[in-house]
Amino acid sequence: MPEQVQNWTTVAYLVGVPILLGLAGHFLVFKVLHNIAKRSSSAVDDSLVRRCYRPLQWIVIVFVIRLILPSALPEQTRTDINHILSLLLIALVSWLLIKTMYVLEDYVISRFEVEVKDNLRARKIHTQLKVLKRIVIILVGIIAMSTMLMTIPKVRQLGTTILASAGIIGIVVGMAAQRTIGTFIAGLQIAFAQPIRVDDVVIVENEWGRIEEITLTYVVVKIWDLRRLIVPITYFIEKPFQNWTRVTADILGTVFIYVDYTVPIDEVREELGRILKQSQLWDSKVCVLQVTNATERTVELRALMSAADASSAWSLRCEVREKLIEYIGEKYPQALPRLRITNPV
C-alpha cells in the first residue's frame, strides 16, 4: 500500500508541477514581457517574445523539475526521470535554436523590404537567409536526434556495431545519395554566388517569370500568367538561363514597325520622342528610332527605349507600338505597307 501511494505521488508530481509552473509562467512572465514588447517601437522584441517564449518557458520548467526532484524517490526512478528530462532538454534547446532563426527572419523582413522599388540588396539577403534557415533547421534536427540517441547506452552500442560492419552499405548509400549531396551543394552555391535571388526576373524554359521561392532542392518561378514553374535547383548551376535583374532591374525594350518606303522617318522619330516624354513608364535614358532592315516591300523601323524594370518595359513597348501605328495611320496613311500592281508600259 505505501508503495502504491508513493507511485501515485510520483505521478501527481510529474504531471502537476509542469502544469502549475507553466500556468504561473504564462500569466506572470509572459504577460509582463508582452506588455514591455508592446511599448517598444522595435519589431525584434515582439518577435522574440512571440517566437522564443514557449521553448524558454519549458526549458525553465525542466530545470526547476530537476532541482526539486524528490530525494525520497527510488534511485532507479530518479535515474529514469533525469534521463527523460535530459532528452526533453535537448529537444527544447533545439526548438529554441530553430525559433531563433525565425526571429532572425522576422528582423530581416522588417529591415529589408522586397516590395520597394530598389530592392537588389534586400533580395540578396532574403535569398541567403531562406537557404541558410533551412540548412540550420536540418542540421539542428540531425544533431539533436544524434545527441538524444547517444544518451541511450543500448542504442549507442547498436550504432557502434552497425558502423563497424557498414562498409558495403555505406558505399551503396553514398552512391544513392550522390544526387542529394549535389543538390545540397547547389543550394549553397545559389545562396552565396547568387546567380538568382528572390524576386529576380528570369527566363527559364522559354517562360518569363519571377523567382518566388528558393529551397534546398527546387526553385519556384512565378510565370507572368500566374502559373508556377517548379525547377530543380541544380538547373540554375548546370544550364544557361536569362536573368534580367542580375545587376540592375533597368532594361531596354524594342518595337518593330513595318512601313512603306514613302514614310518620313524623321517625323516618326520625333513622334517617338513625344510619346516617350508623355509616358510615365519611360526612365528618360534611351530613345532611338533606326531603320534596321529593308525588303522589296517594306522598311523595318526599330524603336529602342529604356524602362526601370521588365514589367514597365513590356507595358511601354505596347504603348509605343499602339501610338506609332495610330500616328502613321492618321498622318501618313499612304506610308502603311501596301502591295503595288502596275501595268507594263
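Refer to the structure above for everything that follows.
These notes cover the structure that comes with them. (Residues numbered from 1 in each chain as written. Predicted model: local features only at pLDDT ≥ 70, side-chain atom pairs only at ≥ 80, totals over all residues. Heavy atoms only, no water.)

### Describing the overall build of the protein
Put simply, the rule is: In this text, helices come from DSSP runs of H or I with a minimum length of four residues, and strands from runs of E with a minimum of two, each type numbered from the N-terminal end. Only protein chains enter the accessibility calculation, which uses a 1.4 Å probe; a residue whose area is less than 20% of its type maximum is buried, one above 50% is exposed, and one in between is partly exposed. It only takes one pair of heavy atoms within 4.5 Å for two residues to be counted as in contact. With residues, only the protein chains shown are counted as cover, and all accessible areas are computed by Shrake-Rupley using a 1.4 Å probe.
Counting secondary structure elements, the protein contains 10 helices and 8 strands. Within the protein, buried positions represent 33% of all 345 residues. The long-range share in the protein, meaning contacts at least 24 apart out of those at least 6 apart in sequence, stands at 65%. Total accessible area on the protein stands at roughly 21800 Å², and carbon and sulfur atoms take up 63% of it.

### Some points on the side chain of Thr-215
Definition in use: By the criterion applied in these results, polar contacts are pairs of N or O atoms within 3.5 Å in which, for protein atoms, one can donate a hydrogen and the other can accept it, and in which residues neighboring in sequence qualify only through two side-chain atoms.
Topologically, Thr-215 is positioned in the loop between strand 2 (207–214) and strand 3 (218–223). At 3.3 Å, the side chain of Thr-215 and the backbone nitrogen of Thr-217 are in polar contact. Not counting the four nearest positions on each side in its chain, Thr-215 is found in contact with Arg-134 and Ile-233.

### Quick word on the sheet that holds strand 4 (residues 228–232)
Applicable threshold: Between any two strands, at least two bridges found by DSSP are needed for them to pair.
If you walk across this open sheet you meet the 5 strands as 4-3-2-1-5, and the pairing is antiparallel. Of all strands in the sheet, those with a lone pairing partner are strand 4 and strand 5 (242–243), marking the two edges.

### Observations concerning unusual backbone geometry
With phi around 80 degrees, Asp-199 is a residue other than glycine that occupies positive phi space. Tracing the sequence through the fold places Asp-199 in the loop between helix 7 (178–193) and strand 1 (201–204). Residue classification places Asp-199 among the partly exposed residues on the basis of a relative accessible area of 23%. Even without glycine at this site, Ser-284 takes up a positive phi of about 65 degrees. By secondary structure assignment, the location of Ser-284 is in strand 7 (residues 282–294). Since its relative accessible area comes to 54%, Ser-284 is described here as exposed.

### So, the sheet that holds strand 7
We apply this condition: Between the N-to-C directions of two axes lies an angle of 0 to 180 degrees, each axis being a line fitted to C-alpha atoms and, for a helix, fitted only over the stretch in contact.
The 3 strands are arranged 6-8-7 in an open sheet whose pairing can be described as antiparallel. With partners counted over all chains shown, the strands left at the sheet margins are strand 6 (251–259) and strand 7, one partner each. Each strand axis lies, on average, 20 degrees off the axis of its neighbour in the sheet, ignoring direction. One ladder, built from 8 bridges, connects strand 7 with strand 8 (residues 299–307); its direction is antiparallel. The residue of strand 8 that forms the bridge with Leu-289 is Ala-303. Against the sheet, helix 9 (residues 265–278) engages strand 7 and strand 8, with an angle of about 155 degrees to strand 7.

### Some words on the nonpolar core
How we decide: Take the buried Ala, Val, Leu, Ile, Met, Phe, Trp, Tyr and Cys residues and link them wherever side-chain atoms come within 4.5 Å; each set so joined is a nonpolar core.
Counting 24 residues, the largest nonpolar core has Val-268, Met-305, Val-320 and Leu-324 as its most contacted members. Breaking this core down by element, the ones donating at least two residues are strand 6, helix 9, strand 7, strand 8 and helix 10 (310–331). With 6 residues, helix 10 is the single largest residue contributor to this core. Among all residues touching Val-320, those that are not within four sequence positions of it are Val-255, Leu-272, Ile-275, Leu-276 and Met-305.

### What about the pairing of strand 2?
Here is the key point about a regular strand: its side chains alternate between the two faces of the sheet. Note that strand 1 and strand 2 share 4 bridges and pair antiparallel. Along strand 2, the bridge assignment pairs Val-202 with Gly-209. Between strand 1 and strand 2, which pair antiparallel one after the other, the connecting turn spans 2 residues, and Glu-205 there sits at a positive phi close to 55 degrees. Pairing of strand 2 with strand 3, which is carried by 5 bridges, proceeds in the antiparallel orientation. The residue of strand 3 that forms the bridge with Ile-211 is Val-221. Linking strand 2 back to strand 3 in an antiparallel pair, the connection comprises 3 residues.

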